Amino acid sequence: MKESTLKRVRKPARYIGGEVGSVVKDPEKVDVHMAFAFPDLYEVGMSHLGLHLLYSLINSHEAFFCERVFAPDRDLEEIIRRGEEAFSTLETSTPLRDLDILGFTLQYELSYTNILNMLSLAGIPLRSSDRAEDMPLIIAGGPCAFNPEPMAPFFDLFVIGDGEEVTVELMKLYAASEDKESFLKKACQLRGVYVPAFYEETYEDGHFVGHRVLYEQAPYPVQKALITSLAGQDHPVRHIVPFMDTVHDRAFTEIFRGCTQGCRFCQAGMIYRPVRERSKEQVLRNALRLLDEGGYEEVALTSLSSLDHSEIREIVEELHERTKHRNIRLSLPSLRLDSISLDVLRRVSGPRRSSLTFAPEAGTQRMRDVINKNVEEEDIFSSAKALFEEGWSKLKLYFMLGLPTETFEDVKGIAHIARELRALYKETTGSDRLKLSISTSYLIPKPFTPFQWLAMTPKDVVEERQQYLSKALRSRQYSYSYHEGASSNLEAVLARGSRKIADAIERAFEHGAVFDGWNDYFRWDLWLQAFEECGIDIEKELGERGLDDPLPWDIIDPGVTKSYLKKEWAKALEEETTADCRGLCHGCGINSPRTGGICFGVPNPL
Amino acid sequence: MVCRIRFRKDGRMKFLSHLELLKAWDRAMRREGIPLVFSTGYSPRPLMTFALPSAVGVRDMAGYMDVHVEDGFDPSRFYYLTKLPEGLEVLEAKEVEEVRASLMSRVHSADYAIEGDIEALKRLKSTDPLPFVRITKRGRRHERDARDYLLDAEWTERVLRVRLLAGSEQSIRLNEFIEALTGDPEAHFTYQLTRLEIYDKEGRSLWEP
Ligand code: SF4
């Protein structure tokens, strides 16, 4: 980027590159030149583990070069639109259209318009069918790729599931291929690769009825890529160390993938099955190396539920022992307010003045049973008491509204928990100074969860509940915040849509929608206009799906079976819980013969 | 013990904000395994203090930092740091016996080199006042004369070298100074700006203890 541009924009450290851990190669001397594109600002994207992981992995191959690119902030966007600067990669300022491959990560649906904006800024046609042979291959991966359909027309290929091995395979294949078409034909044979052009959606009376395979060798459904063990996966052994403050500005290392809790609203808990742990030695080796090479002052041990690692206590103790002289902080995201082991917490949570975050998700035991959030009220209070005794005085609690079968009693339960905690704090410490922040989000029925068929609870119903909580929690000790209905509805439409939604995404982008995940920029009116112009009935999109209806994401096979999801949904309605499957396999399907029964050696009973 | 470091900040590093620069040094020192001394309290931080930050986009030949390290440390090790980001470089390092005043509080004035179209700056050679407007934090507009902040100026063919007040009591930013000379608030973008040295009230370089 030009100096004159860097001098003009806000926070230029986003665009300078040159961080310790970043890699520069000569694009002329590699077989495949690609960029990892994160469709949000630098400070958001750099906090994402997957970026560091794939970057480090791809660049460890001499023949490949992976750069980075992030969404430009609005000021830089204007400069690019005026033609004063080309939209280019961070490492070598290569204009994006000169790359071989541009790979986006789909982390959240509300970043979809940013993807179109980035393609447009790069001068790359949005739809794969409009892109000539000399245009880069545009690919995507990440959790939202599990329902790729709303974005299908824009991508040449999706990677579904664990990206590490298949991405490298793809790059080898690309290097050896003559042209795009022959590449795609071979690529679709790799497990985890979905090439949308080889399928079309079919409709009857405007209802989605399924997919037709257009290229007979293309698989249906597309199985997710799965790495059966992380033992050999030590990437990233290096992090890129940002200069600017990023959202999570610390070293992070993945201690396991997958989750056995089985929360029924949680997509990650279903699509990333089964659990694959890194051993204590591996975790320690990775964490210490990141600290040594990066110079970080904090390291996070990440996963979907870090306390569930079978050796978490030993890991935390030993890491603490080996880093305490350097004043390194340890953190464990996603703590639970049950059976908290205080000794772990003491090691990881840093100063007592900081706040601890927990997600009970629902206000009553009945409601928590429905969503299978296995935490008991007594546990919440006994853990809280212990925390208060230890000196913590700030808690953040996350809940959801709009859950299936939710009644006003369940909403009152949230306020009840808040009041009880306050009373408990007073009883324990004699002081009234507890700072409690409560926040609620909407339940979004996501593909591949037992709630995938549900209607989104209407906005006005949820808003009434939010208002109740705003009143009930009006006191200096509480602060209450909630997610907006409009953007939550948009997220739901984008999450469960078919390819038809792509037209509306493109139209909304043309009308100016971008950074939809940022409250300051989100424009629901532009989306409403786009949906209307494209003939999309949002009420229908937000509505219930029949248990036997074909679903757009049936094209993907995440390993967990539909019959298991149905069973879980039936149990939810019965308020029946499903225990952590570490002790007992519930037959979700992921360890079917195909994956060789890899869950803790417990055979699938079905 | 305390070591004083004089460093260069150049290339892409000149686009770091002051806080970003602090963090870059903190992490670089940790990567190098320098035996840092930490503050006490809830969240211990390495004891490092800096003189005046140079503005974003300005090269710096006079970055000053005092860093506390464990006793017995050999300051010449700072000359052999290999894990600094490109654009940061230690120019000089030494132990300082006694730090009487913080680096920041000693800052009084600084020398800058302004390179580029210096013809456009020739108003400086007249004796006319050089007004510019400074908007305070509360939004009040104050008219000021850039001459009041100018201690010295020296012209060469391509470079204007100026000494400007830079301390906490009175200071002018380079962009304000160039705006006062050109009337264009964006003019500073077109010059290569370098801070050459910082001085205390007695006119001594901050390198001196
Ligand atoms: S196969 Fe069984 S043990 Fe494995 S994730 Fe599914 S339910 Fe759990």
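Residues numbered from 1 in each chain as written. Chains lettered and ligands numbered in written order. Predicted model: local features only at pLDDT ≥ 70, side-chain atom pairs only at ≥ 80, totals over all residues. Heavy atoms only, no water.

Thoughts on the packing of helix H4 (residues 74-81) of chain A against helix H5 (residues 112-121) of chain A
Residue and element names in this part refer to chain A.
Link 1 in the chain: Remark: H4 packs on H5, axes separated minimally by 11 Å, with the N-to-C direction vectors making an angle of 35°. Seen from H4, the contacting residues are Glu-77, Ile-80 and Arg-81; seen from H5, they are Asn-117, Ser-120 and Leu-121.
Link 2 in the chain: Taken together, the residues that form the contact of H4 with H5 break down as two nonpolar, two polar and two charged. (Axes fitted to C-alpha atoms, helices over the stretch in contact; angles between N-to-C directions. Helix = DSSP H or I, 4+ residues; strand = E, 2+ residues; numbered from the N terminus. Contact = heavy atoms within 4.5 Å. Nonpolar A, V, L, I, M, F, W, Y, C, P; charged D, E, K, R; others polar.)

Comments concerning the domain arrangement of chain B
Residues and elements named next belong to chain B.
Link 1 in the chain: Once the domains are mapped, chain B shows domain 1 (2-105) and domain 2 (108-199).
Link 2 in the chain: With both sides pooled, the region where domain 1 packs onto domain 2 buries about 920 Å², and carbon together with sulfur makes up 50% of that total.
Link 3 in the chain: Connecting domain 1 to domain 2 are two salt bridges.
Link 4 in the chain: The partner of Arg-6 in a salt bridge is Glu-197, with the nearest N and O atoms 3.0 Å apart.
Link 5 in the chain: Applying the counting criterion to the domain 1 and domain 2 interface returns eight residue pairs in polar contact (both at pLDDT 80 or more). (Domains from an automatic or database assignment. Buried area = accessible area lost by both parts, 1.4 Å probe. Salt bridge = Lys/Arg side-chain N within 4 Å of Asp/Glu carboxyl O. Polar contact = N/O pair within 3.5 Å; in protein donor to acceptor, adjacent residues only side chain to side chain.)

Thoughts on the interface of chain A and chain B
Link 1 in the chain: The interface is formed by 28 residues belonging to chain A together with 25 residues belonging to chain B.
Link 2 in the chain: Summing both sides of the interface, chain A and chain B together bury roughly 2400 Å²; the carbon and sulfur share of this comes to 54%.
Link 3 in the chain: One can count six salt bridges joining chain A with chain B.
Link 4 in the chain: For the salt bridge of Lys23(B) with Asp249(A), the shortest nitrogen-to-oxygen distance reads 2.3 Å.
Link 5 in the chain: Between the two partners, chain A and chain B, sit 14 residue pairs in polar contact (both at pLDDT 80 or more).
Link 6 in the chain: Elements supplying a minimum of two residues to the side of chain A that touches chain B: helix H1 (3-8) and helix H9 (280-294) of chain A.

As for the sheet that holds strand S15 (residues 356-361) of chain A
Residue and element names in this part refer to chain A.
Link 1 in the chain: The four strands are arranged S15-S16-S17-S18 in an open sheet whose pairing can be described as parallel. This sheet does not close on itself; its edge strands, each paired only once, are S15 and strand S18 (478-482). For this sheet, the mean inter-axis angle between neighbouring strands, taken without regard to orientation, is 20°.
Link 2 in the chain: Relative to strand S16 (residues 394-401), S15 runs parallel, the two sharing four bridges. By the bridge assignment for S16, Phe-358 is matched with Leu-397. (Pairing = 2+ DSSP bridges.)

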